[in-house]
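An overview of the molecular structure
As a plain string of letters, each chain reads:
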Amino acid sequence: MAWYNKFGIYTKSQQLDEEKKYFLNKGDDSSKIRDDEFGEGIEDINLLGYGSVGLQSFNRFYDKYLNKVFESEYAKILAYRKMADSPELGDVIEDAINESTQADDDGNVLSFKIKASHLSSNKNIVKTLQKEFEELFFDRIDINKIVWDLYKTFLIDGRLYYERIVKDSRINNGIINIKKLPSETMDFYYDPKTGKILKFYQYLGKNTKRPISVEEAQKREDIVVFNTEQIGFINYGSFGLTKYEMFGFLEKAKVPYNQLKLIETAIIIYRIVRAPERLVFKIDTGQMPRDKAMKFVEKIKSRFIKKQTYDPTTGRLSQDPEVLSILDNFFIPTSSDGRGSDITTIGGNAEGFKNLDDLFYFQKMLYRSVKYPLSRIDMSSESRNADIIFGGGHASEIVRDEIKWAKFLERQQHIFTREMKKLFLLHLEFRGLKKQYALEDKDFEIMMNPPSNYKESMDQGYLAQNFDNYNALANNAEFSKYYLMKKYLHWSDDEINENVKGLKKDKELFATDNMMGDNFEGSEQEGLIGSGMFEEESGE
C-alpha cells in the first residue's frame, strides 16, 4: 500500500508495484460479462448541463455559496468532512454510527447465517464456515474494533476504500487483514458499458491528473495500480453523469447546511451592528458658527469615546478609543433657563432577538435532509407536526420518523454487509473452500444487528395484543383452546405439546390448590389427550 504525506512529498526513485498477481481471476471477473448484459448505448451519449437563465446575480450567489459545484472529488470529500464537523451534522452522524454498529450479547457487530438447505443440513460444513467467519472477522480483522471508523468514513466521505491483505508466501491462508485507505487519494478505472471497475489507482500527490488508460497509469511513478479484487470499495450509491462523480450521505444536506450557516451569521451580525439601544448626544453649541459648532461637537465626541490610559509595557500614555467608557455616567451642566447638552436613547428592535422562526426552519430542513428524526430535536417555538405515532398511545408507541430513520440505517447496513460478504467469499476462495463446497453469494448471509429496538417494540405490542385476545376468549366454552392457541398465540403442535408437558411438570413440582394446572387437568387436558391430539404425552 502506498501513502503520501500532507505536503504531497514522495520519492521518485522507482515505481511502486502493488498489483498482486494472485488477485487476478478472483471474485467477479468483468471480462466474463456478455455484451447483452448492458444497455443500448446511452453511456455513449454526451449529456450537457443547463446554464443559468435570468436572475444571473442570484444564480451566481446560489452556485457560489449555497450549492457550490466542486472542481474535483478531492474538494468534495474535504467539504463533506467540514460539514461533518458542525455540531448538528456531527451529532447525526454519531447517532447513525452508534445505532448501526450495535453489538449483540457476545459483543459482536456481525453475525453469520447459512441460507442454502444443502449446506445447513451438513453439520461439518456449518461448523467449518462458522469457524472461518469468526477467525477472519473477529481474530484477524477484529471488525468489532474497527467497524466504527470504517462506518464513519463511509457515511462522511460517501465512499470507503480498503486493501485486502494476503501474505505472499502463504496465499492459501486467505486474507490476514484489511487496511483502510484515504478516500481522497483513491480512484479507479471502469468500463463505461458494463459499469465494472477494472483497476484501482492510488495517487501519491495532490491534484494528480487521472490517467487516460491503465497502461499509462502503470508507467507513471506518481500512481499506484491495484487489481480489482485487491481493493474493497463501498459507495453510497448516488452518482452524477459518470461513475466518477459520486455523491455521499451529506450531499442533500449541502444546501440546507450553507443556508443555516448564512442565517446564523446574519443573526450575529444583526445583533452586533443593530445593538438594542443607541445613545443620541445633543450637544449645546449656543450661538457658535457652524464650523466652530462642528469642531466643538467633535471635541466632546472625542472626550466621551476616548480615554487616556497608561500602557505598562511601553510606559506611554495613549488616547485609544474606549468602548466601555460609553457605559460610564455622564455629568453635563445646564444653564438656568434649561439650556444645555442632552443625552437620549433610541430603543433597538427587540423582536429581532426573540423571533428566530427562520433559524428553526433552516435547522429543521437540515435535519430532514439527512432523514434524522425531528422527535429527537429540542427546538423551541417549533411545531411538532412530524410526531405522528404508531401504537395507539401505549407505552410501546413509536414515532413515525423513528421508523423511517431505522429503515434508512438498515439500507446502509445492507450496503456495508454486502461488501463484507464479498470479502468473506474471497477469503474462502483463497482457502479453497469456495470451490470445495460450491459456494455462491446467495448461499449465506452476513448481517449486522438491528439499528434500533423499534422492531422489538412493535413485536412486543403485537404479542401483548394477541395474548389479550386469547385471554378474552379462552374462558368461553364455545371456543377451543387449541384453536385459540393456534390462531392468536401462533403456537405449533410441538409448542402446545411442550406447554402440556410443562403444566404436568408444574403440578409435580409446585402442587398448590391455585395452580392453573389443576384447572387444566380436569377438562381441557383430558379432552385434548382423549381426542388423540397429544398421543405422545398420553403414552407417558
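To be clear, the structure that these remarks concern was listed above.
Quick caveat, the model's predicted, so the values are computed rather than measured.

Before going further, it helps to spend a moment on the sheet that holds strand β7 (residues 231-235). Read from one edge to the other, the open sheet built from 3 strands follows the order β3-β2-β7, with strand pairing classed as antiparallel. Whereas interior strands pair on both sides, the edge strands pair on one side only; in this sheet they are β3 (175-181) and β7. Across this sheet, the average inter-strand angle for adjacent strands is 25 degrees, counted without regard to direction. Where strand β2 (residues 159-166) lies against β7, 5 bridges are found, and the strand directions are antiparallel. Paired with Arg159 across the bridge in β7 is Asn235. In this fold helix α6 (residues 143-157) packs onto β2, β3 and β7, with an angle of close to 140 degrees to the strand it touches most, β2.

Another aspect to go through is the packing of aromatic side chains. Inspection of the entire model under this criterion finds 24 aromatic pairs. Note on Phe133 and Phe137: the rings are 5.1 Å apart at their centroids and 50 degrees apart in plane angle, and the pair reads as tilted. You can see Phe133 and its partner Phe137 sitting in helix α5 (residues 123-140), 4 residues apart, about one turn around the helix. One exposure class covers both Phe133 and Phe137, and it is buried. With a centroid separation of 5.2 Å and 85 degrees between ring planes, the pair formed by Tyr372 and Trp405 is classed as edge-to-face. Here Trp405 lies in helix α12 (residues 400-431) and Tyr372 lies in the loop between α11 (357-369) and β14 (389-390), a separation of 33 residues in the sequence.

Moving on to the sheet that holds strand β6 (residues 223-227). Ordered by their spatial adjacency, 3 strands build an open sheet running β4-β5-β6, and the pairing between neighbours is antiparallel. Lying at the two open borders of the sheet, with one neighbouring strand each, are β4 (186-190) and β6. The sheet shows a mean angle of 30 degrees between the axes of neighbouring strands, taken without regard to direction. Note that strand β5 (residues 197-203) and β6 share 5 bridges and pair antiparallel. When the bridges of β6 are listed, Phe200 appears paired with Phe226.

With 4 of its 5 residues buried, β4 lies for the most part within the structure. Here 5 bridges tie β4 to β5, and the two strands are oriented antiparallel to one another. Paired with Tyr189 across the strands is Lys199, a residue of β5. What sits between β4 and β5 in their antiparallel hairpin is a turn of 6 residues, with Gly195 showing a positive phi close to 80 degrees.

What counts, and where the lines are drawn
Throughout this description, residue numbers start from 1 for each chain and increase along the sequence as written. This being a predicted model, a pLDDT of at least 70 is required before a residue's local features are given, and a value of 80 or more before pairs of side-chain atoms are given or counted; all residues contribute to the totals for chains, interfaces and linings. Note that the side-chain values use all heavy atoms of the structure and ignore hydrogens as well as water. Strands qualify as paired when DSSP identifies two bridges or more between them. Where helices and strands are cited, they refer to DSSP runs of H or I of at least four residues and of E of at least two residues respectively, numbered from the N terminus. To get an axis, a line is fitted to the C-alpha atoms, and for a helix only the part in contact is used. The angle between two axes follows their N-to-C directions and goes from 0 to 180 degrees. A contact between two residues is defined here by any heavy atoms of the two lying within 4.5 Å. Planes of paired rings set the category: under 30 degrees apart is stacked, over 60 is edge-to-face and the rest tilted, where pairs are Phe, Tyr or Trp rings (Trp by its six-membered ring) whose centres lie within 6.5 Å. Partly exposed residues are those whose accessible area sits between 20% and 50% of the maximum for their type, while under 20% is buried and over 50% is exposed, using a 1.4 Å probe and protein chains only.

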